[in-house]
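Breakdown of the fold
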Amino acid sequence: MFPARVAREMPHRYRLEAAKCKKCGAVFFPHRLICRECGHREFDTINVSAIGKLISYTVIHTPASQFKDESPFALGICEFLEGVKITAQVVDIAAADIKTGMDLQIEFRRVQTDGHAGVIGYGYKFVPLI
Amino acid sequence: MRDVAIVGVGMQKWGELWEKSFRDLFVEAALNAISDTKVPKIDHMYIGCMTGGLFVGQEHVGSIMADYLGQKHLAATRVESACASGGAALRCGFIEVASGMSDIVLVGGVEKMTDVSGDGATYALATAADQEYEVFHGATFPGLYALMARAYMERYGATRDQLSAVAVKNHDNGLNNPNAQYQMKLTVQQVNESVMVADPLRILDCSPITDGAAALILCPLSRAKEFSDKPPIKIIGCGMATDSIALHDRRDLTSLDAVRISAEQALKMAGKKIGDINVTEVHDCFTIAEIIVSEALGMFPAGKGALACVNGETRVEGKFPINASGGLKSKGHPVGATGVAQAIEIVHQLRGEAGKRQVKNAKIGMTQNMGGSGGSSVVHIMEVA
């Protein structure tokens, strides 16, 4: 991972910043330069709420090489109050206990590393509610 | 616009073709297509190729293939829309001939996938998903389709056996296709018990990693008789649509809007309804994909596609024969070549030369080629001219 590539995603991955269209109110994560719904080009920056509802999940047994150590791991899509949907790993829960429709919390976590001396990619994962 | 016909087709038996190089694969298929016609020369060439760069370190595909095809200074370029690259190349060729810009156009597709390891192929294919918001978090292609499969199964009550029925049906068809990579019969039980890849999808739900190429020759319909004694196959409809690259940004995980819209465009252009189509090749990269695509094309209502397959409605003798060739599942899926090979199968079907997998009285055929998890879809409709 090129460091600049990691750095420019930080507002979304570290702070869950989303863009809310000033005209139609549609919310996008990550931000966009033009609204997909109405074509407007001005947005307010908002934060995605911390709790979302799991709408589907899978358990990946044949991951890309940088995720080999964690395999098998669960990956899910959560829908948030603001209307955005996000894909991330579902962790700190046994695969058998994961159920579609459950509420999950989004937490700041290490997602992947670039080898021994490489860039550490931080971001978010879904975890059960405390 | 001029009417456009397919007058020649060519490919080879697909598989793990370690003895054949990227360039040889393409040239072999292209020469087979040229030999299927009497064309004296080619005016332009479009090549579908998803990622020669990641699979064999080779970009600039137009140049290398034109040279090795012996077509000095031929106008040639590569077209990329992930796994829909072949269909997108066919669309370019269709527009090229229809517009009057060129008369004889070779549309090809190629992918050399087995020179990299399984990990390398997983990485290369994942570039068709959202790198920063899906792949960064560990998503793979089987993983994305697994998210669709679980959502579909939970919403509509589809079962493990119903998914497996798609693989079983396509392998039954592939047994009759000498060019198919995996000519082997499968049972529901074998699919159900195969290795888990991304729950609920197992290895036998997935299309394979394949080396292969495919090519066809287009010309104005008015000149088709000059170049072939076989019935010219007229392209009567062409549609293409995109959707969000990220699965999570879609309206619904169990629908494929790009497929629906591209099919609506193609049917409108052709002046046909889905019920008029006699034979269809769809993008069954995973069993769940064929089910959802069959619904998006309008063949079956949402949630009924899985049962339709189990009931035999998509078999060669059914109401909507799907993937008589064996589909991606049995024939193989060299990603850039797939869309072109789908059109080749429809040409064989409409010419009545598909042998044991021939759909009876096939007059109108359709292809649906998909990129990514549904971020691109290209549909073509053809009929015997």
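This one's a predicted model, so the numbers in the text were calculated from it and none came from an experiment. (Residues numbered from 1 in each chain as written. Chains lettered and ligands numbered in written order. Predicted model: local features only at pLDDT ≥ 70, side-chain atom pairs only at ≥ 80, totals over all residues. Heavy atoms only, no water.)

**A short note on the domain arrangement of chain A**
In many analyses, interface size is given as the accessible surface area lost on bringing the parts together. Residue and element names in this part refer to chain A. Our working definition: Delimitation of the domains relies on an automatic or database domain assignment. The contact criterion used throughout is that any non-hydrogen atoms of two residues lie within 4.5 Å. Put simply, buried area is the surface a 1.4 Å probe can reach on two separate parts but cannot reach once they are joined, added for both. The term salt bridge refers to a side-chain nitrogen of Lys or Arg lying within 4 Å of a carboxyl oxygen of Asp or Glu. Pairing of N or O atoms within 3.5 Å defines a polar contact, subject to two protein rules: one partner must be a possible hydrogen donor and the other a possible acceptor, and residues neighboring in sequence count only if both atoms are side-chain atoms. Under the scheme used here, helices are H or I runs from DSSP no shorter than 4 residues and strands are E runs no shorter than 2 residues, and both carry numbers assigned from the N terminus.
With domains assigned, chain A is organised as domain 1 (1–47) and domain 2 (49–130). Measuring from the centre of the C-alpha atoms in domain 1 to the corresponding centre in domain 2 gives 20 Å. Residue-level contacts link twelve residues of domain 1 with 14 residues of domain 2. Interface area for domain 1 against domain 2, summed over the two sides, is near 1,100 Å², with a carbon-plus-sulfur share of 72%. Of all residues in domain 1, Met1, Tyr14 and Phe29 give up the largest surface area on contact with domain 2, accounting jointly for 50% of the area buried on that side. Our count for the domain 1 to domain 2 interface comes out at zero salt bridges. Between domain 1 and domain 2 we count one residue pair in polar contact (both at pLDDT 80 or more) in total. When residues of the side of domain 1 that touches domain 2 are traced back to their parent elements, those giving at least two are helix H1 (3–7), helix H2 (10–15), strand E2 (27–28) and strand E3 (43–47). Sorting elements by how many residues they give to the side of domain 1 that touches domain 2 places H2 first, with three residues.

**As for the environment of Val166(B)**
Residue and element names in this part refer to chain B. Put simply, the test is: Exposed residues in this analysis have more than 50% of their type's maximum accessible area, buried residues have under 20%, and partly exposed residues fall in between, with area computed by a 1.4 Å probe over protein chains only.
Secondary-structure assignment places valine 166 in helix H7 (residues 160–174). Under the relative-accessibility criterion, valine 166 is labelled buried at 2%. As a C-alpha pair, valine 166 and serine 194 span 28 residues in sequence and 15 Å in three-dimensional space. With sequence-adjacent residues up to four places away left out, valine 166 is seen in contact with Thr287, Glu290, Ile291 and Cys309.

**Examining the sheet that holds strand E9 (residues 279–281) of chain B**
Residues and elements named next belong to chain B. As a reminder of what qualifies: The criterion for strand pairing is that DSSP finds at least two bridges linking the strands in question. Axis definition: a line fitted to C-alpha atoms, limited for helices to the stretch in contact. Angles are taken between N-to-C directions and run from 0 to 180 degrees.
Reading across the sheet, the nine strands line up as E3-E2-E4-E7-E1-E8-E11-E10-E9 and stay open at both edges, with mixed pairing between neighbours. Looking at strand neighbours, the two that pair on one side only are strand E3 (75–79) and E9, the edges of this open sheet. With direction set aside, neighbouring strand axes in the sheet form an average angle of 25°. Alignment of strand E2 (residues 44–48) against strand E4 (residues 105–112), held across five bridges, turns out to be parallel.

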